[in-house]
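Next come the chains, spelled out residue by residue.
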2 protein chains.
Amino acid sequence: MEGEPTRIMLAVNESTIKGYPNASISSRKAFEWTLQKIVRSNTSGFKLLFLHVQVPDEDGFDDMDSVYASPEDFKNLRNRDRARGLHLLEFFVERCHAIGVGCEAWIKKGDPKEVICHEVKRVQPDFLVVGCRGLGPFQRVFVGTVSEFCVKHAECPVITIKRSAEETPQDPVDD
Amino acid sequence: MEGEPTRIMLAVNESTIKGYPNASISSRKAFEWTLQKIVRSNTSGFKLLFLHVQVPDEDGFDDMDSVYASPEDFKNLRNRDRARGLHLLEFFVERCHAIGVGCEAWIKKGDPKEVICHEVKRVQPDFLVVGCRGLGPFQRVFVGTVSEFCVKHAECPVITIKRSAEETPQDPVDD
């Protein structure tokens with residue numbers, strides 16, 4: 001008797017190095033780990049809830065050389081951001097569809113750590129999976145880490161999946 | 001194609017209030033949660049590894065009024081400690097056996113947080129589940145928490161399962 005599927009929320013983001021529209025190394029790893037170690041062959045026993053939080057500032061940085069001449073230009077920009085987020089989620093949703101795991105995916109804007117915890121409160125998953133870069137103490141202080149914040153503040157159990165050493169890019173702050 | 005089962009280590013301990021040989025509220029909760037939310041009906045996909053760490057000092061406390069007159073008395077004491085630990089593990093192993101989930105269980109002596117991290121390194125489970133009492137900041141500083149230490153130092157992903165509010169005893173430091 002299986003009852004309702006276990007609802008696993010996965011926080012996913014874009015890669016800082018692999019370019020549009022790739023998932024970050026740690027998001028991808030967290031996703032693969034969840035499939036291999038938790039879902040396994042029991043595809044009907046789980047539902048994956050993908051949350052992508054877009055950071056407004058980060059998107060602005062790419063647009064330093066853009067010229068905005070009309071309200072339309074801003075609308076196009078917003079559409080482009082939206083398209084990027086959708087492409088990211090499409091990767092995960094297509095993969096789930098291919099193996100027959102139920103899923104939902106959505107985009108929010110804001111500070112990832114705050115938004116993730118807010119969405120946990122709203123959606124009440126059984127647990128949250130977050131990828132992390134596995135940075136050393138100095139790098140961690142410098143860039144902050146979403147996973148540590150979620151472990152402390154999310155109102156559900158949280159499991160943090162580190163990238164493996166062989167997947168770590170030359171600059172470990174990249175992902 | 002399922003391959004090797006996912007190996008989940010569970011750190012379990014005795015209750016401080018329910019008396020010999022009961023599992024603590026948080027150990028029991030972490031175990032039930034793992035069965036309901038992770039294992040579900042896929043009993044052949046998972047193997048549970050139960051580790052119980054006995055704290056030498058704690059056991060000594062109960063023996064303040066005992067009289068030790070011969071080396072035999074100490075041997076009996078050690079046998080009694082061993083029996084308590086075995087009773088605790090028996091609860092979990094019997095439950096696994098009844099539902100058909102593979103398991104292993106063993107006892108170590110020492111500081112639970114250090115021993116758990118050491119055993120993770122040795123046994124290399126896919127992840128570690130630890131129950132926690134969900135104490136407030138003041139109570140936490142006072143008693144220390146095994147789960148926080150493991151989240152930081154264990155060499156595998158860790159998921160911490162809090163007791164529910166309705167299971168919390170009058171004194172939340174009890175378990």
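Basis of the calculations
Residues numbered from 1 in each chain as written. Chains lettered and ligands numbered in written order. Predicted model: local features only at pLDDT ≥ 70, side-chain atom pairs only at ≥ 80, totals over all residues. Heavy atoms only, no water. Helix = DSSP H or I, 4+ residues; strand = E, 2+ residues; numbered from the N terminus. Buried < 20%, exposed > 50% of the residue type's maximum accessible area, 1.4 Å probe, protein only. Contact = heavy atoms within 4.5 Å. Axes fitted to C-alpha atoms, helices over the stretch in contact; angles between N-to-C directions. Parallel < 35°, antiparallel > 145°, perpendicular 65-115°, else oblique. Left-handed = near helix turned anticlockwise from the far one by under 90°. Nonpolar A, V, L, I, M, F, W, Y, C, P; charged D, E, K, R; others polar. Polar contact = N/O pair within 3.5 Å; in protein donor to acceptor, adjacent residues only side chain to side chain. Phe/Tyr/Trp six-rings, centres within 6.5 Å; stacked < 30°, edge-to-face > 60°. Buried area = accessible area lost by both parts, 1.4 Å probe. Salt bridge = Lys/Arg side-chain N within 4 Å of Asp/Glu carboxyl O. Pairing = 2+ DSSP bridges. Least-squares fit on C-alpha atoms with pLDDT ≥ 70 in both.

Chemist: Explanation requested: the environment of A:V53 in the structure shown.
Modeler: All names here are of chain A. The residue V53 is located in strand β2 (residues 46–54) in this model. Judged by relative accessible area, which is 8%, V53 ranks as buried. Along the primary structure V53 and G100 are separated by 47 residues, whereas in three dimensions their C-alpha atoms are 25 Å apart. Beyond its immediate chain neighbours, meaning those up to four positions away, V53 contacts V12, K108, K109, G110, D111, P112, V115 and I116.

Chemist: Explain the environment of B:P21 here, please?
Modeler: All names here are of chain B. The topology assignment puts P21 in the loop between β1 (6–12) and α1 (25–39). Note: C-alpha distance between P21 and H87 (66 residues apart in sequence) is 5.9 Å. Apart from residues lying up to four places away in sequence, P21 is in contact with H87 and L88.

Chemist: Would you mind going over the packing of α1(B) against helix α3 (residues 71–99) of chain B with me for this structure?
Modeler: Between two packed helices, both the angle of their axes relative to each other and the distance between the axes serve to describe the pair. Residues and elements named next belong to chain B. The contact between α1 and α3 brings their axes to 12 Å, and the two run at 15°. Between α1 and α3, the interaxial angle falls into the category roughly parallel. The hand of the α1/α3 crossing is right-handed. Contact with α1, carried on its side by S27, R28, F31, E32 and L35, involves F91, F92, R95, C96 and I99 of α3 and no other residues of that element. Per-class residue counts for the contact of α1 with α3 are six nonpolar, one polar and three charged.

Chemist: Would you mind showing me how to read the side chain of B:S27 here?
Modeler: Residues and elements named next belong to chain B. Looking at the element boundaries, S27 is found in helix α1. For S27, a relative accessible area of 4% translates into the label buried. A distance of 2.7 Å separates a polar atom in the side chain of S27 from a polar atom in the side chain of S24. Residues in contact with S27, not counting those within four places in the same chain, are A11, V12, N13 and F92.

Chemist: Please explain the packing of aromatic side chains as it appears in this structure.
Modeler: For any pair of aromatic rings, the description rests on two quantities: the centre-to-centre distance and the angle between the ring planes. Overall, the coordinates contain ten aromatic pairs over all chains when judged by the stated rule. Each ring, one from A:F31 and one from A:F92, has its centre 5.1 Å from the other, and the planes form 90°; the classification is edge-to-face. Pair noted here: A:F31 is in helix α1 (residues 25–39) and A:F92 is in helix α3 (residues 71–99), with a separation of 61 residues, a long-range link. One exposure class covers both A:F31 and A:F92, and it is buried. Ring geometry for A:F127 versus B:W33: centroids 5.5 Å apart, planes at 70°, classification edge-to-face.

Chemist: Hey, could you run me through the interface of chain B and chain A in this one?
Modeler: Size of an interface: often given as the accessible area lost when the parts come together. Taken together, the contacts link 22 residues of chain B with 22 residues of chain A. Across the chain B/chain A interface, buried area totals approximately 1,700 Å², and carbon plus sulfur atoms make up 50% of it. Our count for the chain B to chain A interface comes out at two salt bridges. Ionic pairing is found between A:K37 and B:D126, a salt bridge with its closest N-O pair at 2.9 Å.

Chemist: For this particular structure, what's the right way to read the pairing of strand β4 (residues 127–132) of chain A?
Modeler: Every regular strand shows the same layout, with side chains that alternate between the two sheet faces. Residue and element names in this part refer to chain A. Extensive coverage of β4 is indicated by the burial of five of its six residues. The pairing of strand β1 (residues 6–12) with β4 spans four bridges and is classified as parallel. Bridging across to β4, A11 finds its partner in V130. Note that β4 and strand β5 (residues 158–162) share five bridges and pair parallel. Residue pairing in the sheet places L128 in a bridge with V158 of β5.

Chemist: Looking at this structure, I do not really get the relation of the copies chain B and chain A. What am I missing?
Modeler: The operation relating the pair of chain copies consists of a rotation about an axis and a translation along that axis. Structural alignment of chain B on chain A gives an RMSD of 0.1 Å, achieved by rotating through 180° and translating 0.0 Å along the axis. As the rotation angle and translation indicate, the two copies are arranged about a two-fold axis. Rotation axis and chain B: the residue whose C-alpha lies nearest the axis is B:I159, separated from it by 2.5 Å. A high fraction, 100%, of the interface residues of chain B reappear at the interface in chain A, so the copies pair face to face through one surface.

Chemist: How should the environment of B:D174 be read in this particular structure?
Modeler: All names here are of chain B. Relative to the elements of secondary structure, D174 occurs in the segment after β5 (158–162). For the pair D174 and T16, spaced 158 residues apart in sequence, the C-alpha separation works out to 5.8 Å. For D174, the side chain forms a polar contact with the side chain of T16, separated by 3.0 Å.

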